[in-house]
Amino acid sequence: MQRAEARPRQHPEGAAPGGGGGGGGDRPAAVAGAMDPTGLLEPSLYTVKAIFILDNDGQRLLAKYYDDTFPSTKEQKTFEKSVFNKTHKTDSEIAFLEGLTIVYKSSIDVFFYVVGSSQENELMLVAVLTCLFDSLNHMLRKNVEKRSLLDNLDGAFLVVDEIVDGGVILESDPQQVIQKVNFRTVSEPAAYGFVLFDYIAGNSEQRESVPAKGGK
(Lines give C-alpha, C1' and ligand atoms only; values in the text may rest on other atoms or scores of the structure.)
Protein backbone atom coordinates (compact mmCIF):
# COMPACT_ATOMS: atom_id res chain seq x y z
CA MET A 1 0.00 0.00 0.00
CA GLN A 2 2.83 2.40 0.79
CA ARG A 3 4.42 1.79 -2.62
CA ALA A 4 1.16 2.58 -4.39
CA GLU A 5 0.94 5.90 -2.54
CA ALA A 6 4.50 6.80 -3.48
CA ARG A 7 4.08 6.26 -7.22
CA PRO A 8 2.48 9.62 -8.10
CA ARG A 9 5.52 11.43 -6.72
CA GLN A 10 7.72 9.66 -9.28
CA HIS A 11 5.90 11.25 -12.24
CA PRO A 12 5.22 7.94 -13.98
CA GLU A 13 4.32 9.68 -17.23
CA GLY A 14 8.02 10.47 -17.72
CA ALA A 15 9.34 7.12 -16.45
CA ALA A 16 9.62 3.76 -18.13
CA PRO A 17 7.28 1.01 -16.89
CA GLY A 18 8.79 -1.02 -14.08
CA GLY A 19 11.25 1.79 -13.14
CA GLY A 20 13.12 1.64 -9.84
CA GLY A 21 12.17 3.40 -6.68
CA GLY A 22 13.90 6.06 -4.57
CA GLY A 23 16.05 8.54 -6.55
CA GLY A 24 15.41 6.71 -9.81
CA GLY A 25 11.98 8.31 -10.01
CA ASP A 26 13.55 11.77 -10.35
CA ARG A 27 16.03 10.86 -13.06
CA PRO A 28 13.65 10.27 -15.99
CA ALA A 29 12.09 13.70 -15.51
CA ALA A 30 15.48 15.39 -15.34
CA VAL A 31 16.76 13.55 -18.39
CA ALA A 32 13.58 14.28 -20.31
CA GLY A 33 13.93 17.97 -19.54
CA ALA A 34 17.54 18.01 -20.68
CA MET A 35 17.06 15.96 -23.84
CA ASP A 36 13.65 17.16 -24.89
CA PRO A 37 14.31 19.07 -28.10
CA THR A 38 11.32 21.30 -27.49
CA GLY A 39 13.27 22.90 -24.70
CA LEU A 40 15.81 24.34 -27.17
CA LEU A 41 14.40 23.99 -30.65
CA GLU A 42 10.75 24.78 -30.11
CA PRO A 43 9.42 26.46 -33.26
CA SER A 44 8.84 30.17 -32.81
CA LEU A 45 6.99 32.76 -34.82
CA TYR A 46 9.77 35.23 -34.00
CA THR A 47 12.05 34.16 -36.83
CA VAL A 48 13.86 37.35 -37.80
CA LYS A 49 16.13 39.30 -35.48
CA ALA A 50 17.10 42.04 -37.91
CA ILE A 51 16.96 43.24 -41.50
CA PHE A 52 19.40 45.81 -42.80
CA ILE A 53 20.70 47.21 -46.07
CA LEU A 54 24.22 48.63 -46.40
CA ASP A 55 26.03 50.45 -49.16
CA ASN A 56 29.30 49.25 -50.67
CA ASP A 57 31.24 51.03 -47.90
CA GLY A 58 29.33 49.17 -45.19
CA GLN A 59 27.29 52.22 -44.20
CA ARG A 60 23.69 51.77 -43.15
CA LEU A 61 20.94 52.70 -45.58
CA LEU A 62 18.07 50.97 -43.79
CA ALA A 63 17.84 48.85 -40.65
CA LYS A 64 15.14 47.23 -38.54
CA TYR A 65 15.93 45.28 -35.35
CA TYR A 66 13.26 43.14 -33.71
CA ASP A 67 14.75 42.24 -30.32
CA ASP A 68 17.31 43.52 -27.82
CA THR A 69 20.28 41.48 -29.04
CA PHE A 70 21.86 44.82 -30.00
CA PRO A 71 19.98 47.37 -27.89
CA SER A 72 21.81 50.55 -28.90
CA THR A 73 22.38 52.12 -32.29
CA LYS A 74 26.14 52.01 -31.65
CA GLU A 75 26.05 48.26 -31.04
CA GLN A 76 23.88 47.72 -34.10
CA LYS A 77 26.23 49.64 -36.38
CA THR A 78 29.25 47.84 -34.94
CA PHE A 79 27.55 44.53 -35.69
CA GLU A 80 26.63 45.68 -39.20
CA LYS A 81 30.22 46.68 -39.89
CA SER A 82 31.46 43.28 -38.70
CA VAL A 83 28.93 41.53 -40.90
CA PHE A 84 29.90 43.64 -43.89
CA ASN A 85 33.62 42.99 -43.39
CA LYS A 86 32.95 39.25 -43.22
CA THR A 87 30.66 39.06 -46.24
CA HIS A 88 31.25 41.75 -48.85
CA LYS A 89 34.12 39.96 -50.57
CA THR A 90 32.72 36.43 -50.48
CA ASP A 91 30.58 34.51 -52.93
CA SER A 92 28.65 32.70 -50.22
CA GLU A 93 25.07 33.58 -49.33
CA ILE A 94 25.15 32.64 -45.66
CA ALA A 95 27.39 33.52 -42.74
CA PHE A 96 27.57 32.77 -39.03
CA LEU A 97 28.69 35.52 -36.68
CA GLU A 98 28.30 36.14 -32.94
CA GLY A 99 25.99 33.15 -32.60
CA LEU A 100 23.67 34.38 -35.36
CA THR A 101 22.75 33.13 -38.81
CA ILE A 102 22.97 35.74 -41.56
CA VAL A 103 21.78 35.38 -45.15
CA TYR A 104 22.64 38.06 -47.67
CA LYS A 105 22.90 39.13 -51.28
CA SER A 106 24.14 42.17 -53.17
CA SER A 107 23.04 44.29 -56.09
CA ILE A 108 25.35 46.84 -57.72
CA ASP A 109 26.34 48.96 -54.69
CA VAL A 110 23.93 47.72 -51.97
CA PHE A 111 23.97 44.68 -49.69
CA PHE A 112 20.86 43.07 -48.20
CA TYR A 113 20.99 41.14 -44.92
CA VAL A 114 18.49 39.10 -42.92
CA VAL A 115 19.54 37.91 -39.46
CA GLY A 116 18.18 35.05 -37.35
CA SER A 117 19.32 32.96 -34.42
CA SER A 118 21.92 30.22 -34.81
CA GLN A 119 19.13 27.63 -34.63
CA GLU A 120 16.88 29.33 -37.18
CA ASN A 121 15.84 27.57 -40.37
CA GLU A 122 18.04 29.04 -43.08
CA LEU A 123 15.38 28.50 -45.72
CA MET A 124 12.98 30.75 -43.82
CA LEU A 125 15.57 33.52 -43.69
CA VAL A 126 16.35 33.08 -47.39
CA ALA A 127 12.63 33.34 -48.17
CA VAL A 128 12.51 36.70 -46.37
CA LEU A 129 15.64 37.91 -48.15
CA THR A 130 14.32 36.88 -51.56
CA CYS A 131 10.97 38.53 -50.94
CA LEU A 132 12.66 41.73 -49.78
CA PHE A 133 14.93 41.92 -52.80
CA ASP A 134 12.24 41.03 -55.33
CA SER A 135 9.78 43.51 -53.83
CA LEU A 136 12.31 46.35 -53.96
CA ASN A 137 13.39 45.26 -57.42
CA HIS A 138 9.80 45.63 -58.58
CA MET A 139 9.31 48.91 -56.76
CA LEU A 140 12.51 50.40 -58.17
CA ARG A 141 11.86 49.09 -61.67
CA LYS A 142 14.79 46.67 -61.60
CA ASN A 143 17.18 49.46 -60.68
CA VAL A 144 18.21 48.30 -57.22
CA GLU A 145 21.07 50.62 -56.36
CA LYS A 146 21.92 53.08 -53.61
CA ARG A 147 20.64 56.28 -55.18
CA SER A 148 17.22 54.96 -56.18
CA LEU A 149 16.87 53.23 -52.82
CA LEU A 150 17.58 56.45 -50.93
CA ASP A 151 15.08 58.29 -53.14
CA ASN A 152 12.45 55.74 -52.07
CA LEU A 153 13.50 55.02 -48.52
CA ASP A 154 10.01 55.50 -47.05
CA GLY A 155 8.70 52.95 -49.51
CA ALA A 156 11.52 50.56 -48.65
CA PHE A 157 10.55 50.73 -44.97
CA LEU A 158 6.95 49.97 -45.93
CA VAL A 159 8.12 46.92 -47.87
CA VAL A 160 10.07 45.66 -44.86
CA ASP A 161 7.08 46.21 -42.58
CA GLU A 162 4.84 44.20 -44.86
CA ILE A 163 7.27 41.27 -44.87
CA VAL A 164 8.22 41.18 -41.17
CA ASP A 165 6.50 42.64 -38.13
CA GLY A 166 8.14 42.36 -34.73
CA GLY A 167 10.30 39.51 -35.98
CA VAL A 168 7.32 37.53 -37.30
CA ILE A 169 7.21 36.75 -41.02
CA LEU A 170 3.96 38.09 -42.46
CA GLU A 171 4.47 37.66 -46.19
CA SER A 172 6.91 35.98 -48.58
CA ASP A 173 5.20 36.72 -51.90
CA PRO A 174 6.62 39.89 -53.49
CA GLN A 175 3.46 40.55 -55.50
CA GLN A 176 1.36 40.49 -52.34
CA VAL A 177 3.82 42.81 -50.64
CA ILE A 178 3.67 45.35 -53.47
CA GLN A 179 -0.12 45.23 -53.55
CA LYS A 180 -0.35 45.84 -49.81
CA VAL A 181 2.19 48.64 -49.91
CA ASN A 182 0.38 50.18 -52.86
CA PHE A 183 -2.89 50.09 -50.95
CA ARG A 184 -1.34 51.67 -47.85
CA THR A 185 0.27 54.40 -49.94
CA VAL A 186 -3.00 55.27 -51.69
CA SER A 187 -5.10 55.14 -48.52
CA GLU A 188 -2.61 57.06 -46.35
CA PRO A 189 -0.74 59.42 -48.70
CA ALA A 190 -0.15 62.11 -46.10
CA ALA A 191 1.59 59.62 -43.83
CA TYR A 192 3.78 57.92 -46.41
CA GLY A 193 4.37 60.51 -49.10
CA PHE A 194 4.18 60.09 -52.85
CA VAL A 195 7.45 58.72 -54.18
CA LEU A 196 6.68 55.01 -53.76
CA PHE A 197 3.25 55.24 -55.33
CA ASP A 198 4.68 57.15 -58.27
CA TYR A 199 7.05 54.30 -58.96
CA ILE A 200 4.39 51.64 -58.65
CA ALA A 201 1.79 53.52 -60.68
CA GLY A 202 4.27 54.59 -63.34
CA ASN A 203 3.94 58.31 -62.57
CA SER A 204 7.47 59.03 -61.39
CA GLU A 205 7.75 62.04 -63.69
CA GLN A 206 5.10 63.82 -61.60
CA ARG A 207 6.73 63.38 -58.21
CA GLU A 208 8.60 66.71 -58.26
CA SER A 209 5.35 68.66 -58.62
CA VAL A 210 3.33 66.89 -55.92
CA PRO A 211 3.39 68.71 -52.51
CA ALA A 212 4.83 66.83 -49.55
CA LYS A 213 1.40 66.92 -47.90
CA GLY A 214 -0.18 65.70 -51.10
CA GLY A 215 -3.49 63.93 -51.31
CA LYS A 216 -3.38 62.33 -54.78
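Residues numbered from 1 in each chain as written. Predicted model: local features only at pLDDT ≥ 70, side-chain atom pairs only at ≥ 80, totals over all residues. Heavy atoms only, no water.

## Thoughts on the sheet that holds strand β5 (residues 110-117)
The 5 strands lie next to each other as β2-β1-β5-β4-β3, forming an open sheet whose pairing is antiparallel. Of all the strands in the sheet, just β2 (60-65) and β3 (94-97) have a single pairing partner and so form its edges. Neighbour-to-neighbour, the strand axes of the sheet open up by a mean angle of 20 degrees, direction not taken into account. Sheet topology places strand β1 (residues 50-55) next to β2; 5 bridges connect them, and they run antiparallel. Across the sheet, the residue bridging to I53 is L62, located in β2. Where helix α7 (residues 153-163) meets the sheet, it contacts β1 and β2, and its direction lies at approximately 30 degrees from that of β2. (Pairing = 2+ DSSP bridges. Helix = DSSP H or I, 4+ residues; strand = E, 2+ residues; numbered from the N terminus. Axes fitted to C-alpha atoms, helices over the stretch in contact; angles between N-to-C directions. Contact = heavy atoms within 4.5 Å.)

## Structural notes on the nonpolar core
Counting residues in each nonpolar core, the largest one holds 30 residues, and the members touching the most others are I51, F112 and L136. Put simply, the parts of the chain that give this core at least two residues each are β1, β2, β5, α5 (122-139), α7 and α8 (174-187). Counting residues per element, this core draws most heavily on α5, at 8 residues. Those residues in contact with L136 that lie beyond four places of it in its chain are I53, F112, V144, L149, A156 and V159. (Core = buried A, V, L, I, M, F, W, Y, C linked by side-chain atoms within 4.5 Å. Buried < 20%, exposed > 50% of the residue type's maximum accessible area, 1.4 Å probe, protein only.)

## Quick word on the packing of aromatic side chains
If you walk through the whole model with that rule in mind, you get 8 aromatic pairs. Between F52 and Y65, the ring centres sit 6.3 Å apart and the planes meet at 10 degrees, which makes this aromatic pair stacked. Taken together, the positions of F52 in strand β1 and Y65 in strand β2 put the pair 13 residues apart, joining distant regions of the chain. This pair shows no difference in class: F52 is buried, exactly as Y65 is. (Phe/Tyr/Trp six-rings, centres within 6.5 Å; stacked < 30°, edge-to-face > 60°.)

## A few points about the pattern of salt bridges
What the rule picks out here adds up to 5 salt bridges. The partner of K146 in a salt bridge is D55, and the shortest N-O contact between them spans 3.1 Å. In this pair, K146 is assigned in helix α6 (residues 146-151) and D55 in strand β1, connecting sequence segments 91 residues apart. A residue is classified by how much of its surface remains accessible, and K146, at 27% relative accessible area, is partly exposed. Close ionic contact of E171 with K180 constitutes a salt bridge, the shortest N to O distance being 3.2 Å. (Salt bridge = Lys/Arg side-chain N within 4 Å of Asp/Glu carboxyl O.)

## Concerning the pairing of β3
Going residue by residue along β3, you find A95 and L97 tucked away on one face and I94 and F96 left uncovered on the opposite face. Bridge count for β3 against strand β4 (residues 100-107) is 4 bridges, and the pairing is antiparallel. Following the sheet pairing, A95 is matched in β4 by I102.

## Details of α5
For α5, spanning 18 residues, the distance from its first C-alpha to its last is 26 Å, which sits close to the expected 26 Å at 1.5 Å a residue. Measuring from the backbone nitrogen of L123 back to the side-chain oxygen at the start of α5 gives 2.8 Å, which picks out N121 as the cap. Of the residues flanking the end of α5, it is R141, one or two places downstream, whose phi is positive at about 55 degrees. (Expected span 1.5 Å × (residues − 1). Polar contact = N/O pair within 3.5 Å; in protein donor to acceptor, adjacent residues only side chain to side chain.)

## Regarding the side chain of S107
Residue position: S107 is located in strand β4. The class of S107 is buried, set by a relative accessible area of 12%. A polar contact of 3.0 Å, which involves the side chain of S107, links it to the backbone oxygen of V144. Filtering out sequence-adjacent residues up to four positions away, S107 remains in contact with F112, F133 and V144.

## Considering the side chain of D55
With relative accessibility at 3%, the residue D55 sits in the buried group. One polar contact links D55 to K146, side chain to side chain, over a distance of 3.1 Å. If we skip the residues at most four places from it in the chain, D55 touches L61, F84, D109, V110, F111 and K146.

## Looking at the confidence of the model for the protein
Averaged over all residues, the pLDDT of the protein is 78; the fraction at 70 or higher stands at 66%. Low pLDDT, under 50, characterises residues 190-210; the predicted model gives this stretch 36 contacts beyond four residues in sequence or across chains. Contacts of residues 212-216 to residues separated by more than four positions or lying in other chains number 4 contacts, the stretch itself having pLDDT below 50. (pLDDT = per-residue confidence, 0-100.)

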